[in-house]
Amino acid sequence: MGIEKLIIKKLRTACALLAVLTSIGAAAADNESMQIGFGKDRSVTFLSVKDRGTGGSALYLPEATMGTYKECRITEMHIDLGEPTGKDSVRVFITRSLDEAPLYEQHYTAAKSGWNTIVLDTPFEIDGSALYIGYEVTGQYYLLYRNSFVDGEEWIRQDEEGWKKYDGIYTASFYATVEGDNLPKNNIRIGNIKMPAYAVTGEPLDISGSFINLGLDDVNQLTFTCLIDGQPAGETVVDVNKTAYTGSGTFKFSGFGMDTSGDKSVSITVSAVNGQDDCDPSDNTSATRKVTVVDNFVKRNILFEVFSTEKCTSCPSQHQVIASTFKDMTDIIEVGHHAGYYEDKFTIPDSKEYEWFYGNGRLYAPAVMFDRTSFGENLPDFFTGESPLTSFNSTLLVSAYNEALNVPAFADVDISCKLDRDNRKLDLTVSGKQLTPLTRTDDVRLFVYLTEDSIYTETQAGASEGFYQRYVIRQNLTGTWGDEINLEEGFSKTFSTDIPDDCNIDMTHAVAFVGYYTPDDPCGCNVLNSAEYKITDSESSGIEIIDTDKQETEIMFDGDNIIVPGGYDELSVLDISGACIMSRAHGGTFTQVSHLAGGIYIVKVCASGKTNTLKLRIK
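Let us look at the structure shown here. Source: prediction; values computed, not measured. (Residues numbered from 1 in each chain as written. Predicted model: local features only at pLDDT ≥ 70, side-chain atom pairs only at ≥ 80, totals over all residues. Heavy atoms only, no water.)

Below, the discussion takes up the overall build of the chain. A count of helical and extended segments in the chain gives 5 helices and 42 strands. Along the longest, intermediate and shortest principal axes, the C-alpha atoms of the chain span 95 × 65 × 50 Å. Classification of the 619 residues of the chain by burial places 51% in the buried group. Expressed as a percentage of contacts within the chain between residues at least 6 apart in sequence, the contacts between residues at least 24 apart total 73%. In the structure as shown, the chain presents an accessible area of about 28000 Å², 45% of it carried by carbon and sulfur atoms. Separation between the mean location of the 52 positive side-chain charges and that of the 90 negative ones in the chain comes to 6 Å. (Helix = DSSP H or I, 4+ residues; strand = E, 2+ residues; numbered from the N terminus. Buried < 20%, exposed > 50% of the residue type's maximum accessible area, 1.4 Å probe, protein only. Contact = heavy atoms within 4.5 Å. Areas by Shrake-Rupley, 256 points an atom, 1.4 Å probe, with all protein chains shown as cover. Lys, Arg positive; Asp, Glu negative; His and termini not counted. Charge placed at Lys NZ, Arg CZ, Asp CG, Glu CD.)

The 4 strands lie next to each other as S1-S13-S4-S7, forming an open sheet whose pairing is antiparallel. Whereas interior strands pair on both sides, the edge strands pair on one side only; in this sheet they are strand S1 (33-36) and strand S7 (114-125). Ignoring which end each strand starts from, the neighbouring axes of this sheet average 25° apart. Taken together, the 6 bridges between strand S4 (residues 73-81) and strand S13 (residues 174-179) define a ladder with antiparallel strand orientation. In the sheet register, Met77 faces S13, and the bridge partner there is Ala176. (Pairing = 2+ DSSP bridges. Axes fitted to C-alpha atoms, helices over the stretch in contact; angles between N-to-C directions.)

Take the packing of aromatic side chains next. Scanning the entire structure with this criterion turns up 27 aromatic pairs. Here Phe375 and Phe383 contribute two aromatic rings whose centre-to-centre distance is 5.5 Å and whose plane-to-plane angle is 90°, an arrangement assigned as edge-to-face. For Phe375, a relative accessible area of 9% translates into the label buried. Connected via pairs of aromatic rings, a cluster forms that spans Tyr354, Trp356, Phe357, Trp481 and Tyr517. Residue placement shows Arg52 over the ring face of Tyr141; its charged tip is 4.0 Å from the ring centre. Of note, Arg372 hangs over the ring of Phe447, and the distance from its end group to the ring centre comes to 5.1 Å. (Phe/Tyr/Trp six-rings, centres within 6.5 Å; stacked < 30°, edge-to-face > 60°. Lys NZ or Arg CZ within 6 Å of the ring centre and 35° of its normal.)

Bridge analysis of strand S38 (residues 568-575) against strand S41 (residues 599-607) gives 6 bridges, and the strand direction is antiparallel. Across the sheet, residue Leu571 finds its bridge partner in S41, namely Val605. Bridge count for S41 against strand S42 (residues 610-618) is 9 bridges, and the pairing is antiparallel. Residue Ile600 lies in a different strand from S42, and its bridge partner there is Arg617. Connecting S41 to the antiparallel partner S42 that follows it, the hairpin turn spans 2 residues, and Ser608 within it adopts a positive phi of roughly 55°.

This brings us to unusual backbone geometry. Between Ala365 and the following residue, Pro366, the backbone shows a cis peptide bond with an omega angle of 0°. Among the structural elements, Pro366 can be located in the loop between helix H4 (349-353) and strand S24 (367-370). Phi is positive for Ser454, close to 60°, though the residue is something other than glycine. By the secondary structure assignment, Ser454 is in the loop between strand S27 (443-452) and strand S28 (455-457).

This next bit is on the packing of helix H3 (residues 315-325) against helix H5 (residues 394-405). As a packed pair, H3 and H5 sit with axes 10 Å apart at the nearest point and diverge in direction by 50°. Here H5 runs oblique to H3, going by the angle between their axes. Crossing hand, H3 versus H5: right-handed. Within the contact between the two elements, H3 uses Val321, Ile322 and Thr325 and H5 uses Ser394, Leu397 and Val398. (Parallel < 35°, antiparallel > 145°, perpendicular 65-115°, else oblique. Left-handed = near helix turned anticlockwise from the far one by under 90°.)

This next bit is on the environment of Glu554. With respect to the secondary-structure elements, Glu554 resides in the loop between strand S35 (543-545) and strand S36 (556-557). A relative accessible area of 38% means that Glu554 is categorised as partly exposed. Sequence spacing of Glu554 and Gly567 is 13 residues, and the spatial spacing of their C-alpha atoms is 9.8 Å.

Now for the side chain of Glu355. Inspection of the secondary structure puts Glu355 in the loop between H4 and S24. With residues up to four places along the chain from it excluded, the contact list for Glu355 reads Phe307, Ala339, Gly340 and Leu363.

Evaluated as defined, the whole model comprises 1 disulfide. The disulfide that involves Cys312 links it to Cys315, with 2.3 Å between the sulfurs. When the S-S torsion is 95°, as for the bridge of Cys312 with Cys315, the disulfide is right-handed. With respect to burial, Cys312 and Cys315 carry one shared label: buried. Of the cysteine sulfurs around Cys417, a residue in no disulfide, the closest is that of Cys503, at 13 Å. Exposure remark for Cys417: the relative accessible area of 6% places this residue in the buried category. The thiol sulfur of Cys523 is not disulfide-bonded, and the nearest other cysteine sulfur, from Cys525, lies at 9.0 Å. Judged by its relative accessible area of 22%, Cys523 is partly exposed. (Disulfide = S-S within 2.5 Å.)

Here's what the structure looks like:
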């Protein structure tokens, strides 16, 4: 049997033993016993041991942790092992240092795969000082690891070179059982918190987050104290859903408003659990966040940048997700970079330069950015050290959208233009001013793009039929990294350009935005505000049309969506009997109809005073 098959067999065995392990843990809690370890549930991965030599894992437990178990006893060690030979040697140990003789050790011959329990011949008395607990095994190909339950310092041994600090995302499949009459009753560890980066003077902060219950008693209530610039600034009591031992809970509350504007350092700490002192308060305080307090909050538009190419097979389906998610949101300004995954006929040099935002050099499409900002503090599972999101669904898009809306508009951006349709010439004027004092001294730049929406192509990978490219950047009218402006004094710049011959004037938009320029930080080029105008829209403020002759309204169908380039005022779908089964008003380019039952339908569309009909078949 191959090594991979052995490991798969072992992991299946671990799954079968999970129910037994869970029941043991529950019984242990009833008998006033607890588990010490960083993991939970079954093993999910493995790390190799060189030449089936001696390998091992060790957990460091600081004084703050062990103090909660003072005068209790370690009675058992539990190790998840792969396929044993029947004579694999195991040594469990407790020590002050991995380089010193252990305080306690015991040897054991492993005879089975899965969880092995070693009952200590002499229970180890805990005096409250820091300890390492761990094991070494000789004869195994792999050390098993599982998902982390809490963070902690770990060490690993994989070869004859000895112990090295482990910095992976998993934790050793190893834990100890502690028994006694002095086990911690009220003990939580605070997890990630969500806190707005901006707040309005006098208004409460919306704060939410998670915690883990490490105490025997169920958690029903938490008391929070807020620290602003290191000083206590109030207390609030929050009821939470009952959270049992080793369970994860959540909290949410509004409070702790600030009366003065400016940058504040804000953190929260759990000062009581169920109205009682926490036996280990060292892990009760959140990370400190910078909160910028402003006197007025002006709503912003959100610049939404998409990296996508015709060679990307997964891009068409993700564009559908984007279109469906943002179809009713009028404050999203979308632009498309044809970069991130090779190049195509729509790629411009500037978009290739913007691959710099990926930060770590790992390119991928589709990928998206919201205001060139990473929301890693509030959405750490999705934003990992770079601005583009390279894996997203509708839920994540909405979460990031809401985070972007929590940032005020620091600048006002206005666009006016004059179009000479016959000669395909366009004069754009972009002006703006600072709305709220900036707290950063980085350069502020102006960016101006021309984009074209609904470009039909038959060469898109991953599309069974033709595909309509969304908001493709056709021209960058400023430098790749923008033009310098004086935002505090206000600015106004005029750009003249010839619209490319292959560009549909009626689908062309002008997009302008201002943002920071930080050449050493891909996550620092945050957008301050943006604006967009369809250059042929005579009803838009500041637009002058020289020739207003327009084409007939187009209607197309791609198998899933009715496509009306530029959107519509009214849309109706009728069945073959003439009954209206669906109607929409003020819609965008794409309207999904794949949810309708298979059959023949008639679509009627009204846009800008013109109507058109289309007969379609849904399979």
